[in-house]
Amino acid sequence: FFGKMYPTGQYHSESFGAAYLNAMAREKLMMVGLSGPGNDALDNHQYHSFSHVTALRSKGSSSGERNSTEKKYYSSKWQDIDWLFGPFAFRKEWADFWLRYDGSLWDAQILPMVYAIRSGAKIISVEVEFKASVTMHDEEEGNPKFLLKRRQQLEALLPTIEKSLSGPVPDYTHEIRARIEDAAKILA
């Protein structure tokens, strides 16, 4: 369904981008203040289990079923998400990750999500009915301008997101995480 509704270039770029980013998340994700040599922070999933970010995905998108050869590389500690599908939702206590991030393009949605994940937000994916606009599909299908845009998106996003999965986080993320931890203690 996803492959039929989207323009070919968008389908392939988003499928590849999601597969690549999920593989990188399984390999590189380091939780802020929780990771260290020999400490698998993803096992500590109850840390902030009261909050989550919901990454939506269109029905039939690449983050769904895996074939048998892919399963051996899949870790149950990371639930694959459709990183490049636009709509998403989060609890209000996580809003500062987006409000304080100084991004201007595609990174402005995804990097704050990475920092929230690294600070303990639990990600869940929810499949939604989504039909791409026929007008958008017809305008983009086979159009070199849009194919170039899709390539530029991946070239700009993938290395940046990959670094953000395990590299230094902005200083403000520590403050936000501490505030959320304090709120959790009050609610407990």
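Residues numbered from 1 in each chain as written. Predicted model: local features only at pLDDT ≥ 70, side-chain atom pairs only at ≥ 80, totals over all residues. Heavy atoms only, no water.

**Q** Explain helix 5 (residues 107–118) here, please?
**A** The periodicity of an α-helix, 3.6 residues per turn, causes residues three or four places apart in sequence to face the same way. Between its first and last C-alpha, helix 5 extends 16 Å over twelve residues, near the 16 Å set by a 1.5 Å rise per residue. Across the twelve residues of helix 5, ten count as buried, placing the element largely inside the fold. Among the residues of helix 5, those classed as buried are Asp107, Ile110, Leu111, Pro112, Met113, Val114, Tyr115, Ala116, Ile117 and Arg118. (Helix = DSSP H or I, 4+ residues; strand = E, 2+ residues; numbered from the N terminus. Expected span 1.5 Å × (residues − 1). Buried < 20%, exposed > 50% of the residue type's maximum accessible area, 1.4 Å probe, protein only.)

**Q** Is there a simple way to think about the side chain of Glu162 in this case?
**A** Mapping Glu162 onto the fold places it in helix 7 (residues 144–166). Reaching out from Glu162, the side chain makes a polar contact with the side chain of Tyr20 at a distance of 2.4 Å. Beyond its immediate stretch of four places on either side in the chain, Glu162 contacts Tyr20, Met24 and Lys28. (Polar contact = N/O pair within 3.5 Å; in protein donor to acceptor, adjacent residues only side chain to side chain. Contact = heavy atoms within 4.5 Å.)

**Q** What is the right way to look at the side chain of Ser15 in this model?
**A** Of note, Ser15 is situated in helix 2 (residues 8–28). Of note is the side chain of Ser15, whose polar atom sits 2.7 Å from the backbone oxygen of Tyr11.

**Q** Sorry if this is basic, but what is going on with the pattern of salt bridges here?
**A** It is possible for side chains of opposite charge to pair when their charged atoms get near one another. Under the criterion given, the structure shown has nine salt bridges. The residue Glu93 makes a salt bridge to Arg91 at a minimum N-O spacing of 2.8 Å. For Glu93, a relative accessible area of 24% puts it in the partly exposed group. Residue Arg91 is classed as partly exposed on the basis of its relative accessible area, which comes to 37%. Here the salt bridges share partners, and the residues they tie into one network are Asp96, Arg100, Glu175 and Arg179. (Salt bridge = Lys/Arg side-chain N within 4 Å of Asp/Glu carboxyl O.)

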